[in-house]
Amino acid sequence: MSSLPLVPLQEIPVTDSPYVLLFGGAYLLMVLAIGVWGFLQTESTEDFLITGKSIGTWVLALTAFSVIQSGFGFVGGPELVYSFGTTALWIFFTAPLGFIITWVLLAKRMRLLADIRDVMTLADGMYVRYESAWVRGLTAVAVIVGVMAYLATNLAALQYVMRAIFGLPVMWGLFIGALILLLYSMLGGMIAGVWTDFVQAITMIVGSVFVFAFALSFGGGMGSISRNLASADPAFVSPFGALGAPTATIFTALGWWILFSVGAAGQPHLITKFYMSRNLKILRWGAPIAAVTYAISSLLAFSTGLSMRAMVEAGQAAAPKSASVVGPVFVLEHTPGVVAGLILAALLAAIMSTSDSFLNIGAAAVSRDIPRALGRPIDDDKTELRVTQAALAGLTVASTLIVYFSETLVGILGTIGWGFFAAAFFAIAALGLNWKGATKEGAIAALVGGLTVNLFYSAVPRIADTVGLSGLSTTVTNLYPFPGSFPVGTVALLVTIALFVGVSIVTQERAMVPEDIGILLER
């Protein structure tokens, strides 16, 4: 859901279980095989980017769930629950609503766009809706910035997961992991990405159920876990309180709820999946399937975080070196080798397959969206496909070099995550495809405003601290009008909605909707 933590992952212990090595090696061989298979199925740019509109209900739903859950559910999720107790469940048990919102607002309309116009990317769709090169260009730039951020943070996590599974030095874990990611992404494109996401989703669901059972047993059952947590601090088992004062926590919980439910409809790696569906009929059951499977997979974060914290507070388990490694440490130290192998392979899969989705949308932004926004499209399909593959390679190499040479830059990029995409794209996509009154001026204002708020409050303080301008960092932090625990992404999202609606209303006299798009908006 958001970027994986970086430095604390160094503290994941290196496993000595042969099952972990077996499952990890089998997964890497499998993704390479899927990449080769995808290469044999790829004949055009449409195949490479949107699978030739060929996927069915279960593949679409489980792919959607897996790219949203990502490695967050195995690393960041247990960290949040361990740190804040049941308060953190505001994210996990409300996020499934995001699939319902996304499907209702966008599924049918995005799929219809792929039928009536030549659209393969989010920027394509936004250009068709607003008929503005500026909207297309800004959308592409936002995608590239967000993709680089996600790729850098995911590759930084990948190097430590490779070390934990295979015992490799961190540097070799980074290069080998990036090379395998590059090979299967370049070979199979989105076809390979979709099917690795599908396998990853099944692995996460099965593994989460097993870990849930072991975690409850480890903690002595839910009753014992609750008593131990309440004895240490009643806030750990209350819906509001573990993040601070109850009033501020209610406010913060509402902010997270908005960001991770409403904000789901602004994630390009999710909403462009609708282009790929075989037809409109298969969209019907996608949302409940994705929501239920996401909720099941969240049992891992819920159970490991609470159980580990309860046993630590009861003095029956050693505290982990960092909350960021609660999930992996529990799996490695308190589950059988087969289960640990399954879960560590799932974590590896989560990082790599989500990275593959980001690589594809980022490469398309470079090869297709930017040239078209500048009025210089690549007209030959084969050439466009090759340029897309080259862009994919370039993004992978650039992100790998960022991780290798600059931990500081990775940290700065790590501040750009879920909230960045939510603020950039929710208004122009989810609202714009449901409201005829939306204008290109409103879309431009929303894009610029959302990106500015997010970068100003998230990235600028980190940059200022890095270059020694602590005064600037403090000033920007003090300008933030909400409690520090209230997510910046939510603020940016609300600002973009206000700008989008307000500017669109003011510029209504210039609102023009093509006839076919107007019919689509009415359906």
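Each residue is numbered by its place in its chain's sequence as written, counting from 1. The predicted origin of the model limits local features to residues at a pLDDT of at least 70 and limits the giving and counting of side-chain atom pairs to 80 or more, whereas totals for whole chains, interfaces and linings rest on all residues. Note that water and hydrogens are dropped before the side-chain values are worked out from all heavy atoms of the structure.

Draft legend 1. Representation of the overall build of the protein chain. For the purposes of this entry, the term helix denotes a DSSP run of H or I that reaches at least four residues, the term strand denotes a run of E that reaches at least two, and both are numbered from the N terminus. Looking only at helices and strands, the protein chain has 23 helices and zero strands in total. A radius of gyration in this sense is built from C-alpha atoms; the matching globule rule multiplies 2.2 Å by the number of residues raised to 0.38. Computed over its C-alpha atoms, the radius of gyration of the protein chain comes to 22 Å, within 12% of the 24 Å expected for a compact globule of 523 residues. By principal-axis analysis of the C-alpha atoms, the protein chain measures approximately 65 × 55 × 50 Å. The rule is simple: take the accessible area with a 1.4 Å probe, protein chains only, and divide by the maximum for that residue type; under 20% is buried, over 50% is exposed, in between is partly exposed. The buried share of the protein chain, reckoned over its 523 residues, is 60%. Two residues qualify as a contact provided that any one of their heavy atoms is within 4.5 Å of a heavy atom in the partner residue. Contacts in the protein chain between residues far apart in sequence, at least 24 positions, make up 85% of those at least 6 positions apart. A total of about 18,700 Å² of accessible surface is found on the protein chain, and carbon and sulfur atoms cover 67% of it. When charges are tallied, Lys and Arg are placed among the positive residues and Asp and Glu among the negative ones, while His and the ends of the chain are skipped. By convention, the charge on Lys lies at NZ, on Arg at CZ, on Asp at CG and on Glu at CD. Mean positive and mean negative side-chain charge positions of the protein chain (25 and 27 charges, respectively) differ by 6 Å. Accessibility throughout is a Shrake-Rupley quantity obtained with a 1.4 Å probe, and a residue counts as covered only by protein chains that appear here.

Draft legend 2. Expanded view of unusual backbone geometry. Of note, the phi angle at E131 is positive, near 50 degrees, even though the residue is not glycine. Looking at where E131 falls in the secondary structure, it is placed in the loop between α7 (122-130) and α8 (133-166). The exposure class of E131 is partly exposed, given its relative accessible area of 45%.

Draft legend 3. Representation of the environment of K273 in the model. Inspection of the secondary structure assignment puts K273 in the loop between α12 (268-271) and α13 (286-297). Classification of K273 as buried rests on a relative accessible area of 1%. Along the primary structure K273 and L60 are separated by 213 residues, whereas in three dimensions their C-alpha atoms are 7.1 Å apart. Contacts of K273, omitting those with residues within four sequence positions, involve L60, T63, V67, M190, D197 and S357.

Draft legend 4. Broad picture of the side chain of R109. Topologically, R109 is positioned in helix α6 (residues 96-116). Residue R109 is classed as buried on the basis of its relative accessible area, which comes to 10%. Residues adjacent in sequence count toward polar contacts only when both atoms are side-chain atoms; beyond that, a polar contact is any pair of N or O atoms within 3.5 Å, and within protein one must be able to donate a hydrogen and the other to accept it. Among the polar contacts made by the side chain of R109, one reaches the main-chain carbonyl oxygen of L433 at a distance of 2.8 Å. In contact with R109, other than residues within four places in its own chain, are V104, L433, N434, L520, L521 and R523.

Draft legend 5. Looking closely at the packing of aromatic side chains. Side-chain rings of Phe, Tyr and Trp, where Trp is taken by its six-membered ring, are said to pair if the distance between their centres is within 6.5 Å; with planes under 30 degrees apart they count as stacked, over 60 as edge-to-face, and otherwise as tilted. This structure, assessed with the given rule, holds 18 aromatic pairs. Here the aromatic rings of F175 and Y404 are separated by 5.3 Å at their centres, their planes lie at 40 degrees, and the arrangement is tilted. Residue F175 is found in helix α9 (residues 170-218), and its partner Y404 is found in helix α17 (residues 381-405); the two are separated by 229 residues along the sequence. For Y404, a relative accessible area of 39% puts it in the partly exposed group. Between F218 and F330, the ring centres sit 5.5 Å apart and the planes meet at 70 degrees, which makes this aromatic pair edge-to-face.

Draft legend 6. Local environment of the packing of α8 against α17. Where α8 meets α17, the closest approach of the two axes is 9 Å, and the angle between their N-to-C directions is 60 degrees. Accordingly, the angle class assigned to the pair α8 and α17 is oblique. In this structure, the crossing between α8 and α17 has a hand that is right-handed. Between α8, through M148, L151, A152, L155, A156 and Q159, and α17, the contact on the second element is made entirely by L395, T396, A398, S399, T400, I402 and V403. As a working rule, the residues Ala, Val, Leu, Ile, Met, Phe, Trp, Tyr, Cys and Pro are called nonpolar, Asp, Glu, Lys and Arg charged, and the rest polar, with Gly in that last group. Class assignment for the residues of the contact of α8 with α17 results in nine nonpolar, four polar and no charged. Geometry is summarised by axes, namely lines fitted to C-alpha atoms with helices restricted to the contacting stretch, and by angles between N-to-C directions that run from 0 to 180 degrees. Any angle that is under 35 degrees is reported as roughly parallel, and any over 145 degrees as roughly antiparallel; angles of 65 to 115 degrees are reported as roughly perpendicular and all others as oblique. In this scheme the crossing of two helices becomes right-handed for a clockwise turn of the near helix relative to the far one and left-handed for an anticlockwise turn of less than a right angle.

Draft legend 7. How the structure looks around helix α20 (residues 440-466). Multiplying 1.5 Å by the residue count of a helix minus one yields the expected span of that helix. Helix length check: α20 (27 residues) gives 37 Å between terminal C-alpha atoms against 39 Å at 1.5 Å per residue, within 8%. At any given residue, the bend is defined as the angle formed between two axes, one fitted to the seven residues that end at that position and one fitted to the seven that begin there. At F456, α20 shows its largest bend, some 40 degrees. Trailing α20 by a residue or two, G468 shows a phi angle of about 85 degrees, which is positive.

Draft legend 8. Focus on the pattern of salt bridges. By definition, a salt bridge exists where a carboxyl oxygen of Asp or Glu is found within 4 Å of a side-chain nitrogen of Lys or Arg. As enumerated under the stated definition, the model contains eight salt bridges in all. Residue R117 is joined to D516 by a salt bridge in which the shortest nitrogen-to-oxygen separation is 2.8 Å. Highlighted residues: R117 in the loop between α6 and α7 and D516 in helix α23 (residues 515-522), separated in sequence by 399 residues. Overall, the relative accessible area of 28% leaves R117 in the partly exposed class. Among the residues examined, D516 registers a relative accessible area of 27% and is labelled partly exposed.

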